[in-house]
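Letter by letter, the chains look like this.
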Amino acid sequence: MSVLRPFRASDMFKFNNVNLDIWTETYNIGFYLHYLSRWPDLCCVQEAPSGRMMGYVIGKAEGQGLEWHGHVTAITVAPEYRRLSLARKMMGLLDLVSEQIYQGFFVDLYVRCNNQIAIDMYEGLGYSVYRRVKEYYGSLGIGKGGRDEEDAFDMRKPLSRDTAKRSIRANGRDMIVTAHDVS
């Protein structure tokens, strides 16, 4: 049986099998260390009995006032361990910590607009599209349907503190902003 445990700095030497796919953003060592020192309770690893890393999530708490929230910076599962609900477990932990420890109003994440498998999973977890961010991941030019393939959806899930559900909107896919508007 696998175990969900805190992400350790030494895990950066074991996550190549997880990071080497087209959907995973890989950051520099300083980036990971900053998250581990600032928000250790929002960083965890799913580990196989053999010690092999199966996946991980790193997140942070950010914003002010009604915009105070948990943010999923990266979540990924190694290809050989997908479709086992590991991402669901890791997202559940991040949601729980964002709500109970950080007392956020919502949890958000960014996902490539053409990553339909991830979008479907997030929607199944209660997230919805809040807005589309043009060229969030840079620009590869216009793809299918006349839209930039590197746009992102800002997806949000309200937490219990968001009683008015201000963090969601029905027409989020139609709300288009630039990457400068969200930085």
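Residues numbered from 1 in each chain as written. Predicted model: local features only at pLDDT ≥ 70, side-chain atom pairs only at ≥ 80, totals over all residues. Heavy atoms only, no water.

As annotated in an unreviewed UniProt entry, the protein is N-acetyltransferase from Dendrothele bispora.

Student: Mind laying out the domain arrangement of the protein, listing which residues take part and the relevant values?
Tutor: Parsing the protein into structural domains produces domain 1 (1-104) and domain 2 (108-182). A straight line from the C-alpha centre of domain 1 to that of domain 2 covers 20 Å. The interface of domain 1 with domain 2 comprises 19 residues on the first partner and 18 residues on the second. Summed over both partners, the interface of domain 1 with domain 2 buries about 1600 Å², with 52% contributed by carbon and sulfur atoms. Contact with domain 2 buries surface across domain 1, with Trp23, Asp95 and Glu99 losing the most and accounting together for 30% of the total. With its nearest N and O atoms 3.8 Å apart, the salt bridge here joins Glu67 to Arg156. Along the contact surface separating domain 1 from domain 2 lie eight residue pairs in polar contact (both at pLDDT 80 or more). Mapped onto the side of domain 1 that touches domain 2, the elements with two or more residues apiece are strand E4 (69-77) and helix H3 (86-100). (Domains from an automatic or database assignment. Contact = heavy atoms within 4.5 Å. Buried area = accessible area lost by both parts, 1.4 Å probe. Salt bridge = Lys/Arg side-chain N within 4 Å of Asp/Glu carboxyl O. Polar contact = N/O pair within 3.5 Å; in protein donor to acceptor, adjacent residues only side chain to side chain. Helix = DSSP H or I, 4+ residues; strand = E, 2+ residues; numbered from the N terminus.)

Student: Which residues make up the pattern of salt bridges, and what values do they have?
Tutor: With the rule as written, the count across this model stands at 14 salt bridges. Among the ionic pairs, Arg173 bridges to Glu123, the shortest N-O distance being 3.0 Å. With Arg173 in the loop between strand E7 (152-158) and strand E8 (176-178) and Glu123 in helix H4 (residues 116-124), this pair connects stretches of sequence that are 50 residues apart. The class for Arg173 is partly exposed, based on a relative accessible area of 37%. One network of salt bridges, with partners in common, ties together Arg5, Asp11, Lys14 and Glu47. (Buried < 20%, exposed > 50% of the residue type's maximum accessible area, 1.4 Å probe, protein only.)

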